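A look at the structure
Below, each chain spelled out in residue letters.
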Amino acid sequence: LAKVEGKNQYKAYSSVKDIKTFKAFSIENSLHKAMDMKEFELYYQPKIDIHTNQIIGAEALIRWNHPVWDLVSPKEFISLAEDTGLIIPIGTWVKETACRQNKKWQEEGLKIVPIAVNISAKRFMQKEFVKSIERILKDVQLDPQFLEIEITETSLMENEELAIEVIRQLSELGLKVSLDDFGTGYSALSYLKQFKVDTIKIDSTFIKEIGKNNQDELIVKGIINLIHSLNINVIAEGVETEDQLTFLREHKCNQVQGYLYSRPVKAKEFKELLKKGKIDINLQNKKVIEDF
Ligand code: C2E
Ligand code: MG
Ligand code: MG
Ligand code: MG
């Protein structure tokens, strides 16, 4: 890895930090092209009613089909996109694509469900954010109740007052708002009263410890009870095993999302799932196949 130093002088760097920087730099360059080249794609992961196995919604997750790199995780390139401002065109593309796709499925007579999009913290706090959502919904002619917004707990903490106001505006428009990755931030539980969200998503790090870590089990139980007492809907993220599902059922968690039911899938595949309306899992034989 070479870097220009002074007048046409090259110096080799080998530290991990520089390699990371180089990778970030390359990703950033390619990100600019990715929009034009139509390299982004939305995958959809079903949200499931824990008692009926019915599909009650989906989360749209961005994928980058880069011509050379196999798979760049959204975690990696979304944070870079935030730093460079590219998050705005990318975010708009995500919302537009999800809304258009949903509208199309509705027109085709498929089961009508809300589709959630993830919103980066930075974007959420920007002035034009709510306006841009309004414009998209109007353009696509989608009823606002079928667009859901997922925001992380940590992003709300950056500016609580503003966050409360943005959530209020979104609710007023008729959108649903979910609190993503719950439990990973500072999660002062008392704040939950202020943030008038519709759903709270318990982060997968807690779900993974079910059956392994008694303390985390207690936390999950406690979170579910607390959320219910506030009349907020609760969904568990990253459910992979039958034991986790059983635990969540016993403790009255009403919705789940995870590989046990389905990975995020391409639009075409999600359409097939929607046609059936539900996902039946044969629990005894169900094995979650390792990530490819
Ligand atoms: P997230 O919103 O919390 O999404 C859940 C992540 O967990 C997704 O990873 C999903 O594929 C994965 N997942 C779902 N079920 C399971 C499971 O059972 N086991 C395991 N191991 N993983 C599961 P993904 O798609 O890689 O996305 C990672 C994060 O990147 C998302 O976390 C979200 O914060 C962000 N992201 C993804 N798409 C977008 C987007 O369009 N816009 C923005 N701003 N952020 C996005
Ligand atoms: Mg999410
Ligand atoms: Mg999450
Ligand atoms: Mg997450």
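Along each chain, residue indices are assigned from 1 in the same order as the chain's sequence is written. Labels follow written order: the first chain is A, the first ligand is 1, and so on. It should be noted that, the model being predicted, local features are given only for residues of pLDDT at least 70 and side-chain atom pairs only at 80 or more, the latter also being counted only at that level, while totals for whole chains, interfaces and linings use all residues. Side-chain numbers come from the whole structure's heavy atoms, not from hydrogens or water.

Let's talk about the confidence of the model for the protein chain
Operational definition: Every residue gets a pLDDT, meaning the predictor's confidence in that residue, from 0 to 100. Residues are treated as being in contact if the distance between any of their heavy atoms lies within 4.5 Å.
With 89% of its residues at a pLDDT of 70 or more, the protein chain shows a mean pLDDT of 88. In the predicted structure, residues 1–11 sits below a pLDDT of 50 and forms 17 contacts with residues beyond four places in sequence or in another chain. Predicted complex, confidence summary: ipTM 0.98, pTM 0.90.

Details of the coordination of the magnesium ion (ligand 2)
The following threshold applies: Each metal site is built from N, O and S donor atoms within 2.8 Å (3.2 Å for Na, K and Ca), and since water is not included, such sites may look incomplete. Each helix is a run of H or I in the DSSP string that is no shorter than four residues. Each strand is a run of E no shorter than two, and both are numbered from the N terminus. The buried label applies to any residue whose accessible area, calculated with a 1.4 Å probe on protein chains only, is under 20% of its type's maximum; exposed applies above 50%, and partly exposed to all values in between.
Every protein donor of the magnesium ion (ligand 2) is accounted for by Glu 59 (OE), Asn 118 (OD1), Glu 150 (OE) and Asp 180 (OD), and the metal-donor separations fall at 2.1 to 2.2 Å. For the magnesium ion (ligand 2), the donor residues sit on a single chain with the sequence spacing E-x58-N-x31-E-x29-D. Separating the magnesium ion (ligand 2) and the magnesium ion (ligand 3) is a distance of 4.1 Å, and Asp 180 donates to both of them. With Glu 150 in strand 6 (residues 147–152) and Asp 180 in strand 7 (residues 176–182), this residue pair connects regions lying 30 residues apart in the sequence. Taken as a pair, Glu 150 and Asp 180 share a single burial class, namely buried.

Here we look at the site of ligand 1
Note the threshold: One heavy atom within 4 Å of a molecule or strand is enough for the residue carrying it to be called near that molecule or strand. Under this definition, polar contacts are N or O atom pairs within 3.5 Å; protein pairs additionally need one hydrogen-donor-capable and one acceptor-capable atom, and for neighbouring residues in sequence, both atoms have to be side-chain atoms.
Not every one of the 22 residues close to ligand 1 is listed here, only the nearest: Arg 63, Asn 118, Asp 180, Glu 240 and Tyr 259. Ile 62 places a polar main-chain atom, nitrogen or oxygen, 3.2 Å from a nitrogen atom of ligand 1. For ligand 1, an oxygen atom lies 2.8 Å from a polar atom in the side chain of Asn 118. Going through the elements one at a time, strand 4 (55–64), helix 2 (74–84) and strand 7 are the ones with two or more residues in the shell around ligand 1. It is strand 4 that contributes the most residues to the shell around ligand 1, 4 residues altogether.

Overview of the pattern of salt bridges
Test applied: For this document, the term salt bridge refers to a Lys or Arg side-chain nitrogen within 4 Å of an Asp or Glu carboxyl oxygen.
If you walk through the whole model with that rule in mind, you get 16 salt bridges. Note that Asp 83 and Lys 122 form a salt bridge whose closest N and O atoms lie 4.0 Å from each other. Of this pair, Asp 83 sits in helix 2 while Lys 122 sits in helix 4 (residues 121–124), and the two are 39 residues apart along the sequence. Judged by its relative accessible area of 60%, Asp 83 falls in the exposed class. Given a relative accessible area of 42%, Lys 122 falls into the partly exposed group. The salt bridge involving Glu 237 is made with Lys 201; its shortest N-O contact spans 4.0 Å. With Glu 237 in the loop between strand 9 (233–236) and helix 10 (242–250) and Lys 201 in strand 8 (residues 199–202), this residue pair connects regions lying 36 residues apart in the sequence. Like Glu 237, the residue Lys 201 is buried in the burial classification.

Notes on the packing of aromatic side chains
Selection criterion: Think of it this way: a Phe, Tyr or Trp ring, Trp meaning its six-membered ring, pairs with another when their centres are within 6.5 Å, and the plane angle makes it stacked under 30 degrees, edge-to-face over 60, tilted otherwise. Whether a charge lies above a ring is judged from NZ of Lys or CZ of Arg, which has to be within 6 Å of the ring centre and within 35 degrees of the ring normal.
Scanning the model with the defined rule gives 8 aromatic pairs in all. Look at Trp 64 and Phe 77: their rings are 5.3 Å apart centre to centre, the planes differ by 75 degrees, and that puts the pair in the edge-to-face class. Of this pair, Trp 64 sits in strand 4 while Phe 77 sits in helix 2, placing them 13 residues apart in sequence. Phe 77 shares its class with Trp 64; the two are buried. The ring of Tyr 43 has Arg 63 lying over it, and the distance from NZ or CZ to the ring centre is 5.5 Å. Taking the ring centre of Tyr 259 as reference, the NZ or CZ of Arg 263 above it sits at 4.1 Å.

Some words on the pairing of strand 4
Side-chain positions along a regular strand alternate between the two faces of the sheet. Rules: Any two strands with at least two DSSP-identified bridges between them are counted as paired.
Buried residues dominate strand 4, accounting for 9 of its 10 residues. Sheet topology note: the strand 3 (residues 40–49)/strand 4 ladder contains 9 bridges and is antiparallel. Residue pairing in the sheet places Ile 48 in a bridge with Ile 55 of strand 4. Both strand 4 and strand 5 (residues 115–118) contribute to a ladder of 3 bridges, which runs parallel. The residue of strand 5 that forms the bridge with Ala 60 is Val 117.

Observations concerning the pairing of strand 9
Sheet topology places strand 8 next to strand 9; 4 bridges connect them, and they run parallel. Following the sheet pairing, Ile 200 is matched in strand 9 by Val 234. As judged from the 2 bridges shared by strand 9 and strand 10 (residues 255–256), these two strands associate in the parallel manner. The residue of strand 10 that forms the bridge with Ile 235 is Gln 255.

Observations regarding the environment of Ile 87
Take Ile 87: it is sitting in helix 3 (residues 87–107). Distance from Ile 87 to Lys 276, taken between C-alpha atoms, is 35 Å for residues 189 residues apart in sequence. In contact with Ile 87, other than residues within four places in its own chain, are Ile 78, Ala 81, Glu 82 and Ser 120.

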